[in-house]
Amino acid sequence: MIDTTLDGSGAASAAPARAGYRFRRRSRALRRAFPYLLVAPAVCFLLMITLYPGAYAIYQSLFYVKFNTWQFVGLDNYRDLFADREFWAALWNTLVIGGTALILECALALLIAYYAYRDPWVKGWRIIFLVPMLFMPSAVAFIWKLAFMDGRVISDLLMRIGLIESNIGWTSSVWLSRLTLIIADVWQWTPFLFIIFVAALQGQDEEIEEAARLDGASWPAIFWNISLPMMRPVIAVAVVLRGIDITTMFANVFIMTRGTPGGSTETISYFIYRIGFKTFNFGYASAASFVMLVITLVAAQFVVKRAFRSGRD
Amino acid sequence: MAHIQLSGIQKRWGSVWGVRDVDIDIADQEFVVFLGPSGCGKTTTMRMIAGLEEPSDGAIRMNGEVMNDVDARDRDVAMVFQGYALYPNMSIYNNIRFPLRMRGVPKAEHDVLVRRAAGLVELTDYLDRKPSALSGGQRQRAALARAIVRQPQVFLMDEPLSNLDAKLRQAMRVQIKHIQRQLKITTVYVTHDQIEAMTLADRIVIMQSGMIQQVGTPDEIYNEPANTFVAGFIGSPPMNLIEGTLEDGVYTAQGIRVAGLSQRHHGRVILGIRPEDCSAGGDGAQLTGTVYGVEPTGDVTYLTVKAGEKLIEVKAGRDYRAQLDAEARVTFDSGRIYLFDTETGQRLR
Amino acid sequence: MASQRRSKGESLILRYFVLGGWALFCLVPVLWFLSIGLRPRTEIITPQPIYMPTFSLDAWHMIWKDWPMGYYLRNSVLAILGSVAIDLVLAIPAAYSLARYRYRGREDIGFYILSTRMMAPAIVAIPIFFLFKSMNLLDTVWALMLIYAAINLSVVTWIIRSYMLDIPKELEDAARTDGASDLRILWEIIIPAILPGIITAGVIGGIFAINEFLFTLLIASTKSAYTMSVALANFTGGSDGVIYNAIALVAFIAFVPVFLVVVAIQKHLSRGLTMGAVKG
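Residues numbered from 1 in each chain as written. Chains lettered and ligands numbered in written order. Predicted model: local features only at pLDDT ≥ 70, side-chain atom pairs only at ≥ 80, totals over all residues. Heavy atoms only, no water.

Visitor: Help me understand the overall build of chain A, please; the structure alone is not making it clear to me.
Guide: Secondary structure summary: chain A contains 14 helices and two strands in total. Expressed as a percentage of contacts within chain A between residues at least 6 apart in sequence, the contacts between residues at least 24 apart total 65%. (Helix = DSSP H or I, 4+ residues; strand = E, 2+ residues; numbered from the N terminus. Contact = heavy atoms within 4.5 Å.)

Next up, the structure:
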C-alpha cells in the first residue's frame, strides 16, 4: 500500500481537519477595476501624445504665432488655409503620389507573390525581397536621389540603352520628379505587401488548389478565381496599413525633392513642416495639422474598423 | 472536512440556460460523478464550484460558508483539466510545485511534497522534463500530481481521462479511485462516460439540458432509473424502451404481450427492459418478432429482434446463432420490467 | 508543406524571369550603393557615373574621425532600446487586459489604441515640438525615446495581444485554481508562453523607431541627440556637397543588424507587420 502520509508513519489519516479555515474574500471593487488598471498606463501615455497635442494644436491654430508673440486671429488661419492653393496642392500631391505608389506596390506584390509562394526556393526569395524594406527610409531616399541625379547613373544607363537621347532632368519636370518619389517608395515598400501576401497564400488550403487542378484549371485561373478572393480580407488589411503610412510620406520628399518643382511633390506632411519650420508660421501650420487630424479620425472610423474587424474580436 | 452544498443554482448567458435548479449536497470524502452528454451543464456546474464561473442565482456553500464571492484562488480546491493544462515553460517538478508556491506553503516542505505526489503517480523519473517531452498518459499523471500535492479540501476533475486511449483509461481509473480513497478528499468528477461513472462514483448525478435528472448510487441509477433519459443513458447497449398500451395489468405492443404488471396505471405507457434482462427463446415468451441482426462478440451475442416497427436488443448467450428474418421469441425477466409515463418520461411505480 | 506545393504545368521560364527580375531590381541598387560607400572622395563628385570604381575606405575613416559616428550609433541604440523597453512595459498589461478580460469600454479602448497607429507624425509634430521645448527636453535622447515609444505603442500592444489570444484559456483556469493571482499568471505563465510574440513586437517596434525621421529631425537639432537616421540627412559638408560615400556606409551599418534580426524572426514577420491580423 502506498504510504500517503506526510510524516511517513504509514498510518492512514484523514485530510487535515480544516474546521478553522476561513475563506478570504477580496475587494469586489478591485476585481472590477483590475482590467482598467492594466490598460491605464498605456492609455494615459497615449493620451499624452494625442490628446494634449491635439488640444494644443487646436488652441494654437486660433492664433497668429511668430516666435514668441501670439496674436489671436480666431478662425482666420482656417479661412486662409482653405483658400490656400498650396494646401490643396499638397493634398492633391499626397493623393496622386501616394495613390499611384500604393496601386503599383499592390499589383507588383501580388504578381511576385503569385510566382513565389509555390516555388521551392520561396524562403530564399523572401529574404532577398525583404532587403529594400530593411534600410532606413532616409537611406533609401539618398540611394534614389543619387541615382536620379542629373546626368547620373539612371540617365546614363538609359542613354546607353538608347531609350533617350540626352539627359533628362528628373528633378525639373513635375511628373518625373513625382515618378522618382514613387519609384523610391515602390522599391522600398513592395516587400511589405509581398511578405504579407505570401504568408496568406501559403496559409491557404492546398487541397482546394489540388482539386481545382484536377478539374483542369490553369494556375492563373486558380489564382484569379480562388486564391485571390480568399485573400480579400488580407489584402484589405495590408493595403490599409500601407495606405496609412504612404499618406505620411515625408523623408523621401525632404531628401529627394524638397517639394520642387514648384511644389508639385510637396506632400501634406512636408507642407506642415515647411510652414511650421521654414516660415515659422506655427499657428497656420497647427491649423493644417488639425485638419489632417480630422481627416485621419474620419478615415479611421471607416477604414480601421472594417479592416480590423476580425483582428479585434 | 469538505462538505459542499449547492442550493438553487442557476446559470445563464443572456437567454441561454446553462444550468437550472441544481440542488445537491456532497458529503465529506464522497466521490460524486456528474454524468451526462455534452452540453448538459455538468462542466459548468463544476466550474462554479471551482469559482471559475459565477452562478446567476443560488448559493454555493462549503462547510456551511457561502462561497459565491470567494475568488477561485482562495477556495481550497484543486482541479484536473481535460487538456491537463500543464504550464509549458516549467519542468514537471515546477509544475507540481506551483500550487505550493501560490498558497504560501513553507519552502522547506516543497521538495518532500512534490516528490511524494510524483511518487503516488509514478512520475519520479520525469520530474526534470518539460510537459512537451511527456506522453499523454504521463501528462495526465502530472496534472493529477499537481492537484494532489497540496491536499486540498476538494478535488475537481473535468473529464480527465477522455484524451487517453481505452487501456490507459482503465489503468488511470483504478489509480484515481485508489488515490482518492487514500487521501480521503471530497471529489467531484465530470464525465460523459458511464463506465467511469459507474466504477468510480459513490453517487452519480445525471444531468441533461442543465437540469439534474437523478441523484443516486450506481446501483440505484442502474436498478431504479427515475426517467427514460436515465434509463436509456446507463447500460450498454441501452435499455429497450417500447411504447405500448397498458390495460388491466396487461401491456401490449406490436409483437409484445406482457401480463402481470401493475394495475395502477393504464393507457399509453413506455415499457423498459434491459437487453441483459432478456433471453432468447423460452416458453413464456412475451415478444415475438423476426431476427434483424445477430452479432457474436465472443463472450456474448447481441441479438436484434424486429417487432413491428421497433428494434429490440437482447443479450443472448455466446453460442446463440440464428438466421436473419427467422422467427424469434424473447422472454423478459418479469422482475426487471420498468414502466414509464409517455409524456413526462418519469418512471411509474 | 507550403514549400513543397506542386506547380507542374506552369511556365518555369516566366516564373524565374519575373522573380529573378525583381530580385535584380531589389539587389542592384543595394550593391551599387555599397560600392559608392567604398569609393574615394574624389569619385563621388564627378558628374559622370563611373563603372569601374576604385576601392577606398575613405568614407569609413571619415565617419568615425570627422564625425562622431560612435555617438550617433549610441544615441540610436539608446533611443531604440529605451523606447522598446517602455513599450513592452506598457503594452503587456494592456494587451492582457484587451485579450482576456471583458468589460465595458474594452472595444472603445482597443479602437483608440489602434487609431494612434494611423496618426501621421506631422499632425502632432508642432505641438510635440513646443511641449518638449518647454520641458527642456529638446535635443535629448530621452525625448526621442518617449516619441518612439508613443508612436509604436499601438503596434506593440496589438501584436502581443494577438499572441495572447492563442494561449488556451485552460492554462489560466488551472493557474487560478492553483492559487495564482492575475498578475502572477501574467508574469509566470502568459509572458513565458508568448516570448516569440514579445520578441517580434519588440523587433517591429525597434525597426519603426530606427526608421523614424520627422520627429527625429525636429527634436534632435544638434549632434548630442542625433541618431543615424537624421545624421544621414545632415551629411552635407560645405564645399563637398552631399557626402554620399559616408551616407552609404552609415546606411549599411544600420542595415546589417536589422537584417540579421529580421531573418531570425521571419517566421513571425507577417503576423507582426499586420499586428496579428495575418498569421504567417
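Visitor: Would you take a moment to explain the interface of chain C and chain A for this structure?
Guide: On the chain A side, the residues contacting the 101 residues of chain C number 107 residues. Buried area between chain C and chain A, both sides added, is near 9,800 Å², and the carbon and sulfur share of it is 76%. In this structure, Arg-117 of chain C engages Asp-245 of chain A in a salt bridge whose closest nitrogen and oxygen atoms are separated by 3.0 Å. Taken together, chain C and chain A are joined by 10 residue pairs in polar contact (both at pLDDT 80 or more). The element best represented in the side of chain C that touches chain A is helix H1 (residues 12–37) of chain C, accounting for 16 residues. Grouping the amino acids of the side of chain C that touches chain A by side-chain chemistry returns 77 nonpolar, 14 polar and 10 charged. (Buried area = accessible area lost by both parts, 1.4 Å probe. Salt bridge = Lys/Arg side-chain N within 4 Å of Asp/Glu carboxyl O. Polar contact = N/O pair within 3.5 Å; in protein donor to acceptor, adjacent residues only side chain to side chain. Nonpolar A, V, L, I, M, F, W, Y, C, P; charged D, E, K, R; others polar.)

Visitor: What exactly am I supposed to notice about the interface of chain C and chain B here?
Guide: Interfaces are often described in size by the accessible area the parts lose on coming together. Tallying the contact residues gives 15 residues for chain C and 24 residues for chain B. Both faces considered, chain C and chain B share a buried interface measuring about 1,700 Å² in area, 59% of it formed by carbon and sulfur atoms. Among the residues of chain C in contact with chain B, Glu-170, Thr-177 and Asp-178 of chain C are the three that bury the most area, contributing 37% of the side total. Counting across the chain C and chain B interface gives three salt bridges. Summed over the shared surface of chain C and chain B, the number is eight residue pairs in polar contact (both at pLDDT 80 or more). Broken down by secondary-structure element, the contributors of at least two residues to the side of chain C that touches chain B are helix H8 (169–177) and helix H9 (182–193) of chain C. No other element matches H8 of chain C, which puts seven residues into the side of chain C that touches chain B. Each residue belonging to the side of chain C that touches chain B can be placed in one class, and the counts come to six nonpolar, three polar and six charged.

Visitor: I'm lost on the pairing of strand E1 (residues 4–13) of chain B in this one. Help?
Guide: Regular strands place side chains that alternate from one sheet face to the opposite one. All names here are of chain B. The pairing of E1 with strand E4 (residues 57–62) spans five bridges and is classified as antiparallel. Paired with Ser-7 across the bridge in E4 is Ala-59. Of the strand pairs in this sheet, E1 and strand E2 (residues 16–26) are connected by seven bridges, and their pairing is antiparallel. When the sheet's bridge partners are listed, Lys-11 is paired in E2 with Val-19. Connecting the antiparallel pair E1 and E2 is a turn made up of two residues, with Gly-14 showing a positive phi of about 65°. (Pairing = 2+ DSSP bridges.)

Visitor: I'm lost on the sheet that holds strand E3 (residues 31–35) of chain B in this one. Help?
Guide: Sheet strands pair by backbone hydrogen bonding; their relative direction is either parallel or antiparallel. Residue and element names in this part refer to chain B. Spatial ordering of the open sheet is given by E6-E7-E8-E3-E9-E10, a layout of six strands whose pairing is mixed. Each end of this open sheet is capped by a strand with a single partner; those strands are strand E6 (77–80) and strand E10 (211–216). Across the sheet, the mean angle from the axis of one strand to that of its neighbour is 15°, orientation sign disregarded. For E3 and strand E9 (residues 203–208), the ladder comprises four bridges, and the chain directions are parallel. Within E9, the residue paired with Val-32 across the bridge is Arg-203. (Axes fitted to C-alpha atoms, helices over the stretch in contact; angles between N-to-C directions.)

Visitor: Quick question: what am I supposed to make of the packing of aromatic side chains here?
Guide: Two aromatic rings are characterised by how far apart their centres lie and by the angle between their planes. The final tally for this structure, using the stated rule, is 48 aromatic pairs over all chains. Centre to centre, the rings of Tyr-56 of chain A and Trp-70 of chain A are 6.4 Å apart; their planes meet at 85°, and the pair counts as edge-to-face. Of this pair, Tyr-56 of chain A sits in helix H1 (residues 28–60) while Trp-70 of chain A sits in strand E2 (residues 69–72), and the two are 14 residues apart along the sequence. According to the relative accessible area criterion, Trp-70 of chain A is partly exposed, its value standing at 33%. One Lys or Arg, Arg-20 of chain B, reaches over the ring of Trp-17 of chain B and ends 4.6 Å from the middle of that ring. (Phe/Tyr/Trp six-rings, centres within 6.5 Å; stacked < 30°, edge-to-face > 60°. Buried < 20%, exposed > 50% of the residue type's maximum accessible area, 1.4 Å probe, protein only. Lys NZ or Arg CZ within 6 Å of the ring centre and 35° of its normal.)

Visitor: Would you explain the sheet that holds E4 of chain B in this entry?
Guide: All names here are of chain B. The four strands lie next to each other as E2-E1-E4-E5, forming an open sheet whose pairing is antiparallel. Taken across any chain shown, the strands that pair with only one partner, and hence form the sheet edges, are E2 and strand E5 (65–66). Contacting E1, E2 and E4, helix H1 (residues 42–50) crosses the sheet at an angle of about 120° to E1.

Visitor: Whenever I open this one, the pattern of salt bridges confuses me. Can you help?
Guide: Between side chains of opposite charge, a pair can form when the charged atoms approach closely. As enumerated under the stated definition, the model contains 34 salt bridges over all chains in all. For Glu-266 of chain A, the salt bridge goes to Arg-274 of chain A, with nearest N and O atoms at 2.5 Å. Take Glu-266 of chain A and Arg-274 of chain A: they sit in the same class, and that class is buried. A salt bridge links Arg-146 of chain B to Asp-178 of chain C; its shortest N-O distance comes to 3.6 Å. Of this pair, Arg-146 of chain B sits in helix H4 (residues 136–148) while Asp-178 of chain C sits in the loop between H8 and H9, which puts the two residues in different chains. In this structure Arg-146 of chain B comes out as buried when scored by relative accessible area, which is 2%. Sharing partners across several salt bridges, the network here consists of Arg-26, Arg-28 and Arg-31 of chain A together with Glu-54, Asp-71, Arg-73 and Asp-74 of chain B.

Visitor: What am I meant to see in the pairing of strand E1 (residues 63–66) of chain A here?
Guide: All names here are of chain A. The side-chain alternation of E1 yields one buried face, formed by Phe-63 and Val-65, and one unburied face, formed by Tyr-64 and Lys-66. By the bridge criterion, four bridges tie E1 to E2 in an arrangement that is antiparallel. Its bridge partner being in E2, Lys-66 is matched across the sheet by Thr-69. Taking the residues between adjacent antiparallel strands as the criterion, E1 and E2 are bridged by two residues, where Phe-67 takes a positive phi near 55°.

Visitor: Looking at this model, I keep getting lost on H8 of chain C. Mind explaining?
Guide: Side chains of residues three or four places apart in an α-helix project in the same direction, reflecting 3.6 residues per turn. Three or more residues of H8 of chain C are buried, namely Leu-171, Glu-172, Asp-173, Ala-174, Ala-175 and Thr-177 of chain C. The elements touched by buried residues of H8 of chain C are H1, E6, helix H2 (92–102) and H4 of chain B together with helix H4 (69–100) and H9 of chain C. Positive backbone phi, at 105°, marks Gly-179 of chain C, one or two positions downstream of H8 of chain C.

Visitor: Honestly, the packing of H2 of chain B against helix H3 (residues 107–120) of chain B in this entry has me stumped. Any pointers?
Guide: Angle between the axes and distance between the axes are the two parameters that describe a pair of packed helices. Residues and elements named next belong to chain B. Axis separation between H2 and H3 bottoms out at 10 Å; the angle between their running directions is 125°. The orientation of H2 with respect to H3, classified from their angle, is oblique. Seen along the crossing, H2 lies across H3 with a hand that is right-handed. Contact with H2, carried on its side by Tyr-93, Ile-96, Arg-97, Leu-100 and Arg-101, involves His-110, Asp-111, Leu-113, Val-114, Arg-115, Ala-117 and Ala-118 of H3 and no other residues of that element. Per-class residue counts for the contact of H2 with H3 are seven nonpolar, one polar and four charged. (Parallel < 35°, antiparallel > 145°, perpendicular 65-115°, else oblique. Left-handed = near helix turned anticlockwise from the far one by under 90°.)

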